[in-house]
Amino acid sequence: MRLNPKDFVRGLGVSALSLALYAIALACFNALMLLIISMEEGGQGVTDYTMNFTESVILLSQGVGLEFETIHLTLIPWGLTILLIVLIRSAASRLGSSWPGLLTGLALWVAMHAWMAATVQMVLIDSMPVILLKTGAIYAIGYLWALIPRTNLVKRIRLDNISVLPSPVLMALREALRLTGILFTCFMLMAGITVITWVALNHQAMHRLFHDMGMATGSAVMTTIASLIWLPTFMVWALSWVSGGGFSIGSIATFSLWNGQAQSLPTIPVFALFPEAIALPWARITLMAIPFALSLILGIWQVFSAKRFNVLERNSGQDPRETSNGDSRNDDSHGFVSWQTMRLFVPPAIAFCLACVLLSVLLPVIFTMANGSLGYDRLAHVGVDIATSTQALARPTALGFLSAWVFGLIISAARYAFTRLSTTARNRHENTPDDKRSARTVNSGDSESLSTAMDHDNGSVPSASTGDSSEHMNDRNTASGNHDGRTSRTVSSDGHATAQSSATSTVGVRTFRTVSSAESVNPTIKEDR
């Protein structure tokens, strides 16, 4: 890569332009706000502090804490920080970005903030190296946001280019990142809706506080607009509150779904928007179950979607009935618990676990950045409890993913059982006509054998056997009268019985056995023989 002198100049231009636009916008707004306050409240010389106040806000928006008399301010206005990063990114995209430009622009940015930190009249809490590190990090984030998409770095670090891992694992990693992004977006949407609800319900309390403080309309409007720089911080607090974690204003007040009492709060108008406790138990349970419902819906979508994990293997180009009759017999030879089932359900389990891990790492970082202090002693800690708030969001999210995975497993098992039962019933139905035809063939063969045996007996037995057969008939009728009135069955002769038994043994053990049943009903035949 050749070094172009213009790249160094462009880097200096990005740094100077970003800082100039940011400082001019803040200075104009601060001057207007202080002017309106001085006109309505009757203060003299308030606008003289415009530049000093602007420098303090510029440093505070980049994470540098301030101290003024009893105020110990480390609560970062992340609204201004986000606007500054977007401004740096826009300037770099407009003027051009490069790696040499990053170095020169970063050097100028750090030098300008070192000068501001040395000349500001307020006491800075952080040391000079920490100040330079924080301000440099803000500039680097904004500049890299514009630089990286223009390079080949994004293509090189794509998951598809990682050939070491198998494709199911890569798909699990990709879906884990997608799930994390979707959940984070949903959480921020929940937080925004919660803040809007607070404003709609408690704006009258904020108006009364303005009236009690003696602020006129212009001062109230400018103060409200200035409070928007802490909107991302309030959204993080609202996210913790709606999930059951809550937040606190030092040791003075604690706000949660169960507690909303506040005493001796600082006279800051935006604090009047904080919510009260929710009295209805079902409403609290519903709010706390939102993360569980979100993760459950997303998990079911991931498990059953044909473009995601597709555990039911739909849209595979084959008829499910053909698959159940053909290839599935080979796949199901080991039952439902097989390598095929593991291949289907292990990737979503990896994705869900990885998404929970990413949320468990990302949420504490966000909650930490939303915390700070407004003073000493009772106002030393303002914000959320990091551990409690993280558990309030990560735990139901993990349970939702687990429920979705188990639900997919149950549906797949039920589908497997239904397929096996339907296949078995279909096979039985197809084999029934063949059994009937074979039974008819056997019966016709038995009848022909019996008729042949009877003809042979009639031709070979002498006529004297007629008397014996009549005696046998009398004995059989007498025996049948002694056996509960059973229906008598006639057998012509001993030779006839022998022919029947031989014919029966010829065709094997069959359902239709005429002579054997006759002998079982009339045991006297064997005695006469």
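These remarks concern the structure in this document.

Criteria and cut-off values
Residues numbered from 1 in each chain as written. Predicted model: local features only at pLDDT ≥ 70, side-chain atom pairs only at ≥ 80, totals over all residues. Heavy atoms only, no water. Salt bridge = Lys/Arg side-chain N within 4 Å of Asp/Glu carboxyl O. Helix = DSSP H or I, 4+ residues; strand = E, 2+ residues; numbered from the N terminus. Buried < 20%, exposed > 50% of the residue type's maximum accessible area, 1.4 Å probe, protein only. Core = buried A, V, L, I, M, F, W, Y, C linked by side-chain atoms within 4.5 Å. Contact = heavy atoms within 4.5 Å. Pairing = 2+ DSSP bridges. Axes fitted to C-alpha atoms, helices over the stretch in contact; angles between N-to-C directions.

Notes on the pattern of salt bridges
- Tallying each qualifying case throughout the model produces three salt bridges.
- For R10, the salt bridge identified is with D7, shortest N-O distance 3.0 Å. Placement of the pair is R10 and D7 together in helix α1 (residues 5–41), with a separation of three residues, close to one helical turn.
- We note a salt bridge from K134 to D126, for which the minimum N-O separation is 2.8 Å.
- Residue class for K134 comes out partly exposed when judged on its relative accessible area of 29%.

Quick word on the nonpolar core
- Core analysis: the largest hydrophobic core is formed by 61 residues, its most contacted members being L124, W237, F247, I249 and F274.
- The residues contacting F247, other than those within four sequence positions of it, are W198, W237, W241, T254, F255, F274, P275, G383 and V384.
- Grouped together as the second largest cluster of nonpolar side chains are 20 residues, Y22, L102, M116 and Y143 included.

A look at the sheet that holds strand β5 (residues 253–255)
- Spatially, three strands are ordered β5-β4-β6 in an open sheet, and the strand pairing comes out antiparallel. Pairing within the sheet leaves two strands with one partner each, and these edge strands are β5 and β6 (382–384). On average, each strand axis in the sheet is inclined to that of its neighbour by 15°, with strand direction left out of account.
- Taken together, the three bridges between strand β4 (residues 247–249) and β6 define a ladder with antiparallel strand orientation.

On their own, these measurements won't tell you what the molecule is for.
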